[in-house]
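Here is what each chain is made of, one letter per residue.
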Amino acid sequence: MAIAATISLPLTSPTRHSVTRRSITSLNVSPSSSSSSSSVQPSFLTLETVAFRNPNFRVSATSMSIEALEKGSQTSFLDRKESGFLHFVKYHGLGNDFILVDNRDSSEPKLTPEQAVKLCDRNFGIGADGVIFAMPGINGTDYTMRIFNSDGSEPEMCGNGVRCFARFIAELENLHGKQSFTLHTGAGLIVPEIQDDGKVILNSRIIQMLHLSHANMNNWLKTWIILLYVDELNLADIGPKFEHHAMFPARTNTEFVQVISRSHLKMRVWERGAGATLACGTGACAVVVAAVLEGHAGRSCTVDLPGGPLDIEWREEDNHVYMTGPAEIVFYGSVPL
Ligand SMILES: N[C@H](CCC[C@H](N)C(=O)O)C(=O)O
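Let me begin by describing the structure that accompanies this report.

Reading the values: rules and limits
Residues numbered from 1 in each chain as written. Predicted model: local features only at pLDDT ≥ 70, side-chain atom pairs only at ≥ 80, totals over all residues. Heavy atoms only, no water. Helix = DSSP H or I, 4+ residues; strand = E, 2+ residues; numbered from the N terminus. Buried < 20%, exposed > 50% of the residue type's maximum accessible area, 1.4 Å probe, protein only. Contact = heavy atoms within 4.5 Å. Areas by Shrake-Rupley, 256 points an atom, 1.4 Å probe, with all protein chains shown as cover. Arc of directions from axis to C-beta. Near = heavy atom within 4 Å. Polar contact = N/O pair within 3.5 Å; in protein donor to acceptor, adjacent residues only side chain to side chain. Nonpolar A, V, L, I, M, F, W, Y, C, P; charged D, E, K, R; others polar. Phe/Tyr/Trp six-rings, centres within 6.5 Å; stacked < 30°, edge-to-face > 60°. Lys NZ or Arg CZ within 6 Å of the ring centre and 35° of its normal. Salt bridge = Lys/Arg side-chain N within 4 Å of Asp/Glu carboxyl O.

In terms of helices and strands, the protein chain carries eight helices and 20 strands. Burial status across the protein chain gives 55% buried among its 337 residues. In the protein chain, 66% of the contacts between residues at least 6 apart in sequence involve partners at least 24 apart. Accessible surface for the protein chain amounts to roughly 13900 Å². Of this, 55% is attributable to carbon and sulfur atoms.

The subject of this paragraph is helix α7 (residues 235-243). Those residues of α7 that sit buried are Leu-235, Gly-239, Phe-242 and Glu-243. All buried residues of α7 project into a common sector of 100° when viewed along the axis, lining one side. Buried residues belonging to α7 abut β14 (254-261), β15 (264-271) and β16 (275-277).

If you check the shell around the ligand, you find 14 residues, and the closest are Gly-159, Asn-253, Glu-271, Gly-281 and Thr-282. Asn-149 has a polar side-chain atom sitting 2.9 Å from an oxygen atom of the ligand. A distance of 2.8 Å is found between an oxygen atom of the ligand and a side-chain nitrogen or oxygen belonging to Asn-253. About the coverage of the ligand: the protein hides 100% of its 360 Å² of free accessible area. Those elements that place two or more of their residues in the shell around the ligand are α5 (159-172) and α8 (281-293). Its residues assigned to classes, the shell around the ligand shows five nonpolar, seven polar and two charged.

Here the focus is the environment of Gly-161. Mapped onto the elements of the fold, Gly-161 is located in helix α5. For Gly-161, a relative accessible area of 0% translates into the label buried.

The full count for this structure, using the stated rule, is six aromatic pairs. Between Tyr-91 and Phe-168, the aromatic rings sit 6.0 Å apart at their centres with planes inclined by 70°, giving edge-to-face as the arrangement. With Tyr-91 in strand β5 (residues 85-93) and Phe-168 in helix α5, the pair connects residues that are 77 residues apart, well separated along the chain. The exposure classification of Tyr-91 matches that of Phe-168, with both residues buried. Seen from their ring centres, Phe-133 and Phe-148 are 5.2 Å apart, and the 70° between their planes marks the pair as edge-to-face. Within this pair, whereas Phe-133 is found in strand β7 (residues 130-136), its partner Phe-148 is found in strand β8 (residues 143-149), the two being separated by 15 residues in sequence. By relative accessible area, which is 0% here, Phe-133 ends up buried. Clustering of aromatic rings is evident, with ring pairs tying together Tyr-143, Phe-165 and Phe-181. The aromatic ring of Trp-314 is capped on one face by Arg-299, whose charged end is 4.2 Å from the ring centroid. Its guanidinium or amino end placed over the ring of Tyr-322, Arg-315 lies 3.9 Å from that ring's centre, counting from NZ or CZ.

Here we come to the pattern of salt bridges. Per the counting criterion, the structure on display carries 14 salt bridges. Across the pair Glu-154 and Arg-146 runs a salt bridge whose closest N-O atoms are separated by 2.7 Å. Among the residues examined, Glu-154 registers a relative accessible area of 38% and is labelled partly exposed. Arg-272 is the partner of Glu-156 in a salt bridge, and the nearest nitrogen-oxygen pair spans 2.7 Å. In this pair, Glu-156 is assigned in the loop between β8 and α5 and Arg-272 in the loop between β15 and β16, connecting sequence segments 116 residues apart. You can call Glu-156 partly exposed: its relative accessible area is 26%. A relative accessible area of 7% places Arg-272 in the buried class. Within the structure, one salt-bridge network assembled from shared partners comprises Lys-90, Asp-97, Arg-122 and Asp-129.

Here it is as structure tokens:
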């Protein structure tokens, strides 16, 4: 599959430090942490992202020329259905980046895992940690979210991916204000609730899984609390040893955690099927649940990841986990299939 793409860039004013409120998509409604979401540091914005942040230009990957985009072209881009091409939107959540595909017209993913591997390649493809498909719901849900990791494996769920998925659906369906939809995932039913300010809540079912998995040392969400200086870790060396250990027949994500205080953790992650990523939403949630269960932290923590901070709260009264973090559009694109 040739990878020659015309890229349309949804750009806002290219100031390096403008992380607009609307760009903060949160899985948290607790006002206490909303202020912290505005503390999201723009440090994870790369020059490429900033350079692509002006809504009036299109970059053609073939000519690398910059052309003015007619008004409203973002909407028309999302309506593109030319056959023989895959139209996608590139999002990232703290640098954990995904190719999002509007797959609402079919219950079969538009890409094979092998094609996803090629598109995720950062040199020969678009470059991403995974491909996420917005598909028709099943068993009465509004949508289904499926994800292929950059190695082609299919995980059950993806925390950062849910934030990007929520932003993607809101754009596709032109949703504004408070919205809620039911989402079928490999980890079960998720009911993301988009709040008036664009934030999204994560439902409690995942907590039972997190709780159970920590207790049962289930391979998917197993988290190791290791009291160490995580920056000194050679993830490429130690990560695969955990991922491929015989203890985890389905492999595992592994989070390496430094407890800075009872409300501040620092984490690096080696992800199953994606390697060292800049952020892991499910991992950050699992880390806080595990740290609480192990007595290392309180129920509200800022988790520092290489891509930036996530605010996580495991609320006692409803057993929900609330995650606050950004979900940014990077560009729209089309690739020939
Ligand atoms: N690689 C992970 C899926 C993505 C999880 C991570 N990106 C997140 O934000 O939750 C796995 O195979 O379980």
